Structures are given as structure tokens and as C-alpha cells.
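In case you want the letters, here they are:
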Amino acid sequence: MESGINVKIEATWKAALEAEWQKDYFRRLTDFVRTQYSTAQVFPPAGRIFAAFDACPFDKTKVVILGQDPYHDVGQANGLCFSVAPGVKMPPSLVNIFKEVCSDTGAPMPANGDLTRWAEQGVLLLNATLTVEAHRPASHQGKGWEQLTDAAVRQLSAQRSGLVFMLWGSWAIKKGELVDKSKHLVLTSPHPSPLSASRGFFGNHHFTRANQYLEQQGKSGIIW
């Protein structure tokens, strides 16, 4: 690559985001991230920075759920937004997501908070910022990640059709401006955080609404 940055990311995403790899912001971002991983405790593990893309190829994506920042406590972040590895205590927002899944679809509460099974069915679990320093929430915001993840949303909006975007909370809802609503379904509600879940996240029926839409598009629904 011209920039000398060989981005280790799933092939269809590497192609979809090709223009980004050459840009100055991405070069600066790469330098920043490399320095951070070598001098500080940073999450997720370096090999899982692009886990959301790796687990859900561009051409297989059906649903996009946007988070803001990786979890910043030890052992939590696994590269998929809202997700934690098996054996890790579920954070409150994730518990609330599963509560809504249970009431909306009748599915039982899962044994763990690993959302890899969603990603493998076509759910892109994308944080806007893909890295964070330990115990310092939002510490890697404004370094360039947002430009890359915005580009990912724009590419999905432009190149694909019939996708579902689930946008929870005012920050994620603002990202909906990047999506062509004439060819995709955009679902919005308050965030699943305990601070706001009772204001309209609970009862939003996003999981059944997403599946109804996917099935109307001739696609299989997600086993939530």
C-alpha cells in the first residue's frame, strides 16, 4: 500500500474502505494507536480492533448496531459493541438489551454476553471509536476512528440495500444522517443504559421489527 500501512481486516471490508487507508487522518490514527498500545493499557486486545468487521463481512451485513466506545475496564471489550467475552459479567446496558430481546421475541436470557453469534448472522456491532485507554472512557475519541467508522456506514448505505440500522441514544441517532432512509430501515430509541432505558428503549420492539423488515426483503431474520 502507498501509505505503508497494511491493514489486517476482512477482505470485503478492506476493499469497501480502500479509499480510507491512503488518507492522512488514517496514517496519523495508525501512529497514535501503535504508540498507545506500546505505552499504555488499551482495549480491546490489539488483534481484535477490527473484530466487528472481521466477524461480519461487508456483503453479508444485514443489521447495523452502533455503539460509541469500547468498554474500558479490564477484560470487557472484545471488539464488538455492547459485547463481552463468555465468563465476563454483563454490563448493565447489555443486560437491558437482553431484557428487551426476551420481552420482544420470547427468547430466553442468554448464558453469556458474547454477541459473536449475532455478528456471524450478519449483525455489524460497530463502535464509532475502536480503541480506548483503560479506565479512561472516550480517551481515543477525536483521533480519527470516527472518520473511518462513518465511512463504513456511508459505504453500507450507498452500496447495499434493505439493511436495518438500530440507533440507540442521541449520539447514535445523529449517525442516522449518514443513511439513505429510502432504501434502508432506520430504527431509533433511547439508549439501553440504566439512565435512559425506561424512557423508551424497553418496548421499542426493534428486534422483531428488524426481522419483519428483513423477511420482507427476502432475507432470513436474526436469531436474537
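Structural notes, computed from the coordinates.

### Re unusual backbone geometry
Next up, step 1: Cis geometry marks the peptide bond from F43 to P44; its omega dihedral reads -5°.
Next up, step 2: Relative to the assigned elements, P44 resides in the loop between β1 (42–43) and α4 (51–55).
Next up, step 3: Positive phi outside glycine occurs at F82, with the angle close to 70°.
Next up, step 4: Position of F82 among the secondary structure elements: in the loop between β2 (63–67) and α5 (92–105).
Next up, step 5: One non-glycine residue, H205, lies in the positive phi region at around 55°.
Next up, step 6: Following the sequence through the fold, H205 ends up in the loop between β6 (185–189) and α9 (206–216).
Next up, step 7: Overall, H205 belongs to the partly exposed group, its relative accessible area being 40%.

### Some remarks on helix α3 (residues 24–39)
Next up, step 1: Across its 16 residues, α3 extends 23 Å between first and last C-alpha, which sits within 8% of the 22 Å expected from 1.5 Å per residue.
Next up, step 2: The complete set of buried residues in α3 reads Y25, F26, L29, T30, V33 and Q36. Along the axis of α3, the buried positions cluster into a sector of 135°, meaning they face one direction only. Across α3 from its buried face, at more than 90 degrees, point the exposed residues R28, R34, S38 and T39.
Next up, step 3: Elements that come into contact with the buried residues of α3 comprise α2 (18–21), β1, β4 (132–133) and α7 (145–159).

### Some words on the pairing of β6
The side chains of a regular strand alternate between the sheet's two faces.
Next up, step 1: Across five bridges, the pairing between strand β5 (residues 164–168) and β6 is parallel. Looking across to β6, one finds that M166 is bridged to L187.

### Brief notes about the pattern of salt bridges
Next up, step 1: Taken as a whole, this structure holds six salt bridges when the rule is applied.
Next up, step 2: Among the ionic pairs, D24 bridges to R27, the shortest N-O distance being 3.8 Å. One end of the pair, D24, and the other, R27, are both in helix α3, three residues apart, so they sit about a helical turn from each other.
Next up, step 3: Residue classification places R27 among the partly exposed positions, given a relative accessible area of 33%.
Next up, step 4: Where D150 meets K175, a salt bridge forms, and the shortest distance between an N and an O atom there is 2.3 Å. Remark: K175 occurs in helix α8 (residues 170–175) and D150 occurs in helix α7; sequence separation between them is 25 residues.
Next up, step 5: Residue class for D150 comes out buried when judged on its relative accessible area of 17%.

### As for the nonpolar core
Next up, step 1: Counting residues in hydrophobic clusters, the biggest one holds 67 residues, and the most contacted among them are W13, F53, I65, W118, M166 and W224.
Next up, step 2: No other element matches the six residues that α7 contributes to this core.
Next up, step 3: Not counting residues up to four positions away in its chain, the partners in contact with F53 are I9, E10, W13, L17, L124, L126, L130 and A152.

Cut-offs and rules
- Counting restarts for each chain, with residues numbered from 1 along the sequence as it is written.
- Note on the predicted model: pLDDT of at least 70 is required for a residue's local features to be given, and 80 or more for side-chain atom pairs to be given and counted; whole-chain, interface and lining totals, by contrast, use all residues.
- Side-chain figures throughout are based on the complete set of non-hydrogen atoms in the structure, without hydrogens or water.
- Segments assigned H or I by DSSP are reported as helices when at least four residues long, segments assigned E as strands when at least two residues long, and all are numbered from the N terminus.
- Each residue is assigned to one of three classes by its accessible area relative to the maximum for its type, calculated with a 1.4 Å probe on protein chains only: buried under 20%, partly exposed between the two thresholds, exposed over 50%.
- Each helix should span, by expectation, one fewer than its residue count multiplied by 1.5 Å.
- Comment: arc refers to directions from the helix axis out to C-beta atoms.
- By the convention used here, residues are in contact when the closest approach between their heavy atoms is within 4.5 Å.
- When DSSP finds two or more bridges between a pair of strands, those strands are recorded as paired.
- Every case where a carboxyl oxygen of Asp or Glu lies within 4 Å of a side-chain nitrogen of Lys or Arg is listed as a salt bridge.
- Definition of nonpolar core: a set of buried residues of the types Ala, Val, Leu, Ile, Met, Phe, Trp, Tyr and Cys, connected through side-chain atoms within 4.5 Å.

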